[in-house]
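Reading the structure
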Amino acid sequence: MNAPTADESPRPRGRFRRGLRATLLALSIVGALTTLTLLIWSGPAIHRRLVVFPREEAAWNELRAQRQPVAEDAGWREFRGVLHAHSELSHDSEVPFPEILQAMERARLDFIALSDHPLPDGRAGFDTQWRGLHGGRLFIPGFEMRDGLMPMGVRPGITLSNRLEPARLARETAEHGGLLFFAHPENPRAWELPELNGMEIYNLHTDFKRAGGSVTGALVRQIPDLVLSHRRFPDHLYRLPFQRPLDFLRRWDELNRTRKITGIAGNDSHQNVGFRGFMTPEGTLRIEDTSPRVIRESRPGLLTRALLRLCFGPLEPGRRLFHVQFDPYERSLRFVNTHVLARELTEAAVLDALRESRVFVAFDLLADSSGFRWLAESTTGRCVMGGTQTFTPDTRLRALAPVPGRFTLVKDGAVLARAEGRSAEWTAPGAGKYRVEVELNIRGEWTPWIYANPLELR
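Because the structure is predicted, anything quoted here is derived from the model rather than measured. (Residues numbered from 1 in each chain as written. Predicted model: local features only at pLDDT ≥ 70, side-chain atom pairs only at ≥ 80, totals over all residues. Heavy atoms only, no water.)

What to know about the overall build of the protein
Within the protein, the regular secondary structure consists of eleven helices and 24 strands. Expressed as lengths along the three principal axes of its C-alpha atoms, the size of the protein is roughly 120 × 50 × 40 Å. By residue count, 52% of the 458 residues in the protein fall in the buried class. Relative to all contacts within the protein whose residues are 6 or more apart in sequence, the contacts with residues 24 or more apart total 67%. As displayed, the protein has an accessible area near 21,400 Å², and 54% of this comes from carbon and sulfur atoms. (Helix = DSSP H or I, 4+ residues; strand = E, 2+ residues; numbered from the N terminus. Buried < 20%, exposed > 50% of the residue type's maximum accessible area, 1.4 Å probe, protein only. Contact = heavy atoms within 4.5 Å. Areas by Shrake-Rupley, 256 points an atom, 1.4 Å probe, with all protein chains shown as cover.)

Quick look at the structure:
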């Protein structure tokens, strides 16, 4: 055979090699750019996972180790609870009452005030939820209704209608022995309602919405953090969207100039931010969120089935393959708490404390605030937050906390003074409504911890 000439086989082979090198180079560039993009996108999350969160955890533990009981009880018993919580009776939650009780036990709560959504026909029946003591924990029935109205503690046997105008719904709540609060004060509200007892000065769900436009948007923005830190630092991840509720506090102070409006925390507990997948009896793969709402259902192909078996094991009909929950009920219960001063753990006593503003809000996920007190004292007597006392030149204002922090004195919405330590004391400059805030020094940053309801000097 004759040897190939210069114009035959080497040319196609050379073109193939050049094409292969060009393809590999292009793939390398795309891979490098993709890796760089992922690193830039996830860089802050990597920094939080390796640096910020470990240091935060060490700071939290250091603060908790400094805790000392406060000896002053001011003659009251203190109960820790949660307001604004949903159950399986709401369309966007599926947590049954026995599981709520278990979560309360783990979170060391004394009471919970429910806020289920009414039925589709508008009915809010105050006999449908748990009520009274269950396992030593107090359940108070309540609903989250139209225009942010959140009635609680309405007498048994009463059903309110979500189709009523806000003014009438407020009147019926009061007529039937309930208290009325406004949820989600970031939205327009009928603040002039005379039956209004209080408002949320913090709402966890609002922070998530502000962080991403919606809870889903916030989750999308936190995907790198969720992947890297969900298992190791779930509490720190949960606090990422936190913002100081400055606009809520301003509204609260404005309302309290002319009336008594109790400030509470809105946990907005749902346990509905999560995903799960399972095989149906028909052999399809169903993926749904924990609202619950079906996201996708399809019959997996051969390759998909092989991958599913590799990752999750046998694909038996009805078997759950995975379940990731970003807002377990217990964590939302622990995040922020509403503490009340009452004589006993009964619905009547807790509602009375909420009505009279013997209340403080605390982010107990950071450190246990139990024992905090806010008092006014003089030779004529003393009162706690929510109370009223005649002003005299010797009136002293005292705040005591179980963990050292920075105390900020606020009079009629204006900051008057600050002090650091385990307690703070000031001479009252005159009549007015006085409240106090406490912050914790976490890695050199003053972080909100406690918001106490005001006491009044007349």
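Text resumes after the structure shown.
Some remarks on the environment of Thr 380
Tracing the backbone shows Thr 380 in the loop between strand 17 (373-378) and strand 18 (381-384). For the pair formed by Thr 380 and Phe 322, sequence separation is 58 residues and the distance between their alpha carbons is 64 Å. Among all residues touching Thr 380, those that are not within four sequence positions of it are Gln 389, Thr 390 and Thr 392. Within polar-contact distance, the side chain of Thr 380 engages the side chain of Ser 378 at 2.7 Å. (Polar contact = N/O pair within 3.5 Å; in protein donor to acceptor, adjacent residues only side chain to side chain.)

Describing the sheet that holds strand 14 (residues 320-325)
Across the sheet, four strands lie side by side as 13-12-11-14; this open sheet has antiparallel pairing. Whereas interior strands pair on both sides, the edge strands pair on one side only; in this sheet they are strand 13 (293-298) and strand 14. Averaged over all adjacent pairs, the angle separating strand axes in this sheet is 15°, with direction ignored. Bridge count for strand 11 (residues 274-279) against strand 14 is five bridges, and the pairing is antiparallel. (Pairing = 2+ DSSP bridges. Axes fitted to C-alpha atoms, helices over the stretch in contact; angles between N-to-C directions.)

Brief notes about the pairing of strand 2 (residues 111-114)
Sheet faces and side chains relate simply in a regular strand, where the side chains alternate between the two faces. Alternating residues of strand 2 divide into Phe 111 and Ala 113 and Ile 112 and Leu 114, and every residue in both groups is buried. For the crossover that starts at strand 1 (residues 77-85), traverses helix 2 (residues 97-107) and ends in the parallel strand 2, the hand is right-handed. Here strand 2 pairs with strand 5 (residues 137-140) via three bridges, running parallel. What sits directly across from Ala 113, in strand 5, is Ile 140. (Right-handed = clockwise from strand over helix to strand, strands pointing away.)

Some thoughts on the nonpolar core
Counting residues in hydrophobic clusters, the biggest one holds 72 residues, and the most contacted among them are Phe 372, Trp 374 and Leu 397. If you tally residues by element for this core, the top one is strand 20 (residues 396-411), at seven residues. Judged by nonpolar contacts, the second largest core, of 21 residues, contains Ala 113, Leu 179, Ile 264 and Val 350. (Core = buried A, V, L, I, M, F, W, Y, C linked by side-chain atoms within 4.5 Å.)

A short note on the pattern of salt bridges
Taken as a whole, this structure holds 36 salt bridges when the rule is applied. Arg 334 is paired through a salt bridge with Glu 330; the nearest N and O atoms lie 3.6 Å apart. Residue Arg 334 and its partner Glu 330 are both found in helix 10 (residues 329-335); the two are separated by four residues, about one turn of the helix. Assessed through its relative accessible area of 23%, Arg 334 is described here as partly exposed. (Salt bridge = Lys/Arg side-chain N within 4 Å of Asp/Glu carboxyl O.)

Some remarks on the packing of aromatic side chains
Within the structure shown, the criterion is met by 16 aromatic pairs. An angle of 55° between the planes, with centres 5.8 Å apart, marks the rings of Phe 53 and Phe 233 as tilted. With Phe 53 in helix 1 (residues 10-65) and Phe 233 in the loop between helix 6 (223-229) and helix 7 (234-238), this residue pair connects regions lying 180 residues apart in the sequence. The class for Phe 53 is buried, based on a relative accessible area of 1%. Arranged with centres 5.1 Å apart and planes meeting at 75°, the rings of Phe 126 and Phe 143 form a pair that is edge-to-face. Placement of the pair is Phe 126 in the loop between strand 3 (123-125) and strand 4 (132-134) and Phe 143 in the loop between strand 5 and strand 6 (149-152), with a sequence separation of 17 residues. (Phe/Tyr/Trp six-rings, centres within 6.5 Å; stacked < 30°, edge-to-face > 60°.)

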